[in-house]
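What the coordinates show
In case you want the letters, here they are:
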Amino acid sequence: MTPTITAFASSPDRGRGLARDMRVRWALEEVGQPYEVRLVSFAQMKEPAHLARHPFGQIPTYEDGGLALFESGAIVFHIAERRPGLLPADADARARAVAWMFAALNTVEPPIFERAMALILERDKPWFEARQPMLDASVRRRLDELAARLGGADWLDGAFSAGDLLMVNVLMRLGGSGLVEEHPNLAAYVARGQARPAYQRAFAAQLAVFTAQQPAG
Ligand SMILES: N[C@@H](CCC(=O)N[C@@H](CS)C(=O)NCC(=O)O)C(=O)O
């Protein structure tokens, strides 16, 4: 069966790869699994039909036959388990790749997301100027640590894995901040991920949703 994922009908980032369906699209492309997309508006995301798929009324979701999943990390893990290409066959290497998936989502994404949300939602607040350097420092700390671990390697632990896919996607939210570029090895790491043909296909598909909504001319 062809799985169906959900994505924003109108993404706040104008289809630039930040909405979390991007990581699911990318994973599906990496393993060569065709998929369909159901676009949902913000209103539809809070209606019963979508809440049955996602208890928090968010995207992405994933449906395949009788299986309905939410949480981008769980979806990417499911895809990676079902088809080869995103998790090593060796049990120990596989466990380490899963650890990097959790690290991307649990350790690296939270400070990056908090900083991004503050930039969007708190610019007019009296504490914004004082808080921003603290948020930058939290992000820098994680980037320092990640850059030190990556060193001169191409990927975090051997071959490209679902851990790299999630980490690159998480780091993309820092685009334009200059923070990733403070570490040339991390900037190269993100560029390496984005150069993958599967990434390119996923990005183009997400961007096409936005482009299709623009008036002609
Ligand atoms: N932890 C969830 C986060 C999902 C999430 O925050 N989705 C955003 C889009 S990237 C969303 O649906 N936002 C709209 C809302 O929360 O109402 C995941 O990784 O899937």
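Quick caveat: nothing in here was measured; it's all calculated off a predicted structure.

**Remarks on helix 8 (residues 184-194)**
When helix 8 is considered as a whole, its buried residues turn out to be Leu 186, Tyr 189, Val 190 and Gly 193. Burial along helix 8 is one-sided: seen end-on, the buried residues are contained in an arc of 95°. Contacts from the buried residues of helix 8 go to helix 1 (21-31), helix 6 (128-150), helix 7 (162-171) and helix 9 (197-212).

**A few points about the packing of helix 5 (residues 91-121) against helix 7**
At a minimum axis distance of 7 Å, the contact between helix 5 and helix 7 shows a crossing angle of 10°. Here helix 7 runs roughly parallel to helix 5, going by the angle between their axes. Listed contacts from helix 7 to Ala 97, Trp 100, Met 101, Ala 103, Ala 104, Leu 105, Val 108, Glu 109 and Ile 112 of helix 5 are Ala 162, Gly 163, Leu 166, Met 167, Val 170 and Leu 171. By residue class, the composition of the contact of helix 5 with helix 7 is 13 nonpolar, 1 polar and 1 charged.

**With respect to the sheet that holds strand 4 (residues 67-70)**
Spatial strand order, 2-1-3-4: 4 strands in an open sheet with mixed pairing. One side of each edge strand has no neighbouring strand; the edge strands of this open sheet are strand 2 (36-40) and strand 4. Across this sheet, the average inter-strand angle for adjacent strands is 25°, counted without regard to direction. The pairing of strand 1 (residues 4-8) with strand 3 (residues 61-64) spans 2 bridges and is classified as antiparallel. Following the sheet pairing, Ile 5 is matched in strand 3 by Tyr 62. Along the sheet, helix 4 (residues 72-82) makes contact with strand 3 and strand 4, crossing strand 4 at roughly 130°.

**What to know about the domain arrangement of the protein chain**
On domain assignment, one finds that the protein chain holds domain 1 (4-85 + 198-212) and domain 2 (91-196). Between domain 1 and domain 2, the C-alpha centre-to-centre distance is 21 Å. Taken residue by residue, the interface counts 18 residues in domain 1 and 19 residues in domain 2. Contact with domain 2 buries surface across domain 1, with Leu 18, Arg 23 and Trp 26 losing the most and accounting together for 37% of the total. The interface formed by domain 1 and domain 2 holds 3 salt bridges in total. One salt bridge connects Arg 23 with Glu 109, and the closest N-O pair in it is separated by 2.7 Å. The interface formed by domain 1 and domain 2 contains 10 residue pairs in polar contact (both at pLDDT 80 or more).

**Quick notes on the site of the ligand**
Around the ligand, the surrounding shell consists of Phe 8, Ala 19, Arg 20, Phe 42, Met 45, Lys 46, Gln 58, Ile 59, Pro 60, Glu 71 and Ser 72. A distance of 2.9 Å separates an oxygen atom of the ligand from a polar atom in the side chain of Gln 58. Contacts to the ligand include Glu 71, whose side-chain N or O atom sits 2.8 Å from a nitrogen atom. Surface burial for the ligand is 78%, taken as the share of its 510 Å² of free accessible area covered by protein chains. In terms of residue class, the shell around the ligand is built from 6 nonpolar, 2 polar and 3 charged.

Conventions we followed
Residues numbered from 1 in each chain as written. Predicted model: local features only at pLDDT ≥ 70, side-chain atom pairs only at ≥ 80, totals over all residues. Heavy atoms only, no water. Buried < 20%, exposed > 50% of the residue type's maximum accessible area, 1.4 Å probe, protein only. Helix = DSSP H or I, 4+ residues; strand = E, 2+ residues; numbered from the N terminus. Arc of directions from axis to C-beta. Contact = heavy atoms within 4.5 Å. Axes fitted to C-alpha atoms, helices over the stretch in contact; angles between N-to-C directions. Parallel < 35°, antiparallel > 145°, perpendicular 65-115°, else oblique. Nonpolar A, V, L, I, M, F, W, Y, C, P; charged D, E, K, R; others polar. Pairing = 2+ DSSP bridges. Domains from an automatic or database assignment. Buried area = accessible area lost by both parts, 1.4 Å probe. Salt bridge = Lys/Arg side-chain N within 4 Å of Asp/Glu carboxyl O. Polar contact = N/O pair within 3.5 Å; in protein donor to acceptor, adjacent residues only side chain to side chain. Near = heavy atom within 4 Å. Areas by Shrake-Rupley, 256 points an atom, 1.4 Å probe, with all protein chains shown as cover.

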